Amino acid sequence: MNRGNSVEIERKYRIDRFPDDREGWPLLKAAEVQQGYLATSPTVRIRSEKATYPETKTTYILCFKGEGTLVRQEIELPLGQETFLQLQALLPASMIRKDYRVYALPDGHRLECSLVDGDQPDGFYYAEVEFQSVEESEAFVPPAFLGSEATEDPDFSMSEYWLRKKKACSGPDMGNPQ
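The rules behind each value
Residues numbered from 1 in each chain as written. Predicted model: local features only at pLDDT ≥ 70, side-chain atom pairs only at ≥ 80, totals over all residues. Heavy atoms only, no water. 1 Å grid on protein atoms, 1.4 Å probe; cavity = no way out; pocket = protein on both sides within 12 Å on 5 of 7 lines; lining within 4 Å. Points joined across faces, edges and corners; volume = space filled by probe spheres on them. Helix = DSSP H or I, 4+ residues; strand = E, 2+ residues; numbered from the N terminus. Nonpolar A, V, L, I, M, F, W, Y, C, P; charged D, E, K, R; others polar. Salt bridge = Lys/Arg side-chain N within 4 Å of Asp/Glu carboxyl O. Buried < 20%, exposed > 50% of the residue type's maximum accessible area, 1.4 Å probe, protein only. Pairing = 2+ DSSP bridges.

Draft legend 1. Local environment of empty space enclosed by the protein. Taken as a whole and judged by the stated rule, the model has one cavity of 30 Å³ or more. Put simply, the largest cavity is a space of about 230 Å³. Taken together, 23 residues form the lining of the largest cavity, with R45, K65, K98, Y126 and E128 sitting closest to its centre. For the lining of the largest cavity, the secondary-structure elements that each account for two or more residues are β1 (4-15), β2 (27-40), β3 (43-53), β5 (71-79), β6 (96-104), β7 (110-116), β8 (124-130) and α3 (158-170). A class-by-class count of the residues in the lining of the largest cavity yields five nonpolar, five polar and 13 charged.

Okay, here's the thing in structure tokens:
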């Protein structure tokens, strides 16, 4: 996750749990995250992040993301709590909940892991690694812990998950009989 106006370069992976003592990677950060989407193309997302380790602090972010998978434009702006709550009221579905953890990999990269809607039947884990360049991302050798790569899978994005969640909340389209 970056702040400000920049290009995001990240690879995504499916995982089935958070890293633990077997991997031996230091935990750098833990947080409870909630996020919702005001639009999905381009992405306009609001996010609250309640850090629980190493410090306790809540932040609110408005994020714009351009098109793309491995590489895309990302702009993040801080929000006040009141503005966040006003924007949250505009959402057509409940917010996505994530248990979010960041680990230090031995090669110096940060592994960002999330459990998405873990209390729901369709909850899932995934991980991301961010890079400074496309060349660095191509040279990255994923640790064995990481499952299959999902970077280029168009259905494996949080905005696509949001659309599925929103559709499930609204029920069948009554104006388009089958």
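Draft legend 2. Geometry of the pattern of salt bridges. Applying the stated criterion across every chain yields a total of 13 salt bridges. Here K29 makes a salt bridge to E49, at a shortest N to O gap of 2.4 Å. Within this pair, whereas K29 is found in strand β2, its partner E49 is found in strand β3, the two being separated by 20 residues in sequence. On the basis of relative accessible area, E49 is assigned to the buried category, the value being 4%. The salt bridge partner of E74 is K65, with a shortest N-O separation of 3.2 Å. Judged by its relative accessible area of 9%, K65 is buried. A single salt-bridge network, built from bridges that share partners, covers E8, K65, R72 and E74.

Draft legend 3. Examining the pairing of strand β4 (residues 57-65) more closely. As judged from the nine bridges shared by β3 and β4, these two strands associate in the antiparallel manner. Looking at β4, one finds that R45 is bridged to C63. What sits between the antiparallel neighbours β3 and β4 is a turn of three residues. Relative to β5, β4 runs antiparallel, the two sharing six bridges.

That is the geometry; function is a separate question.
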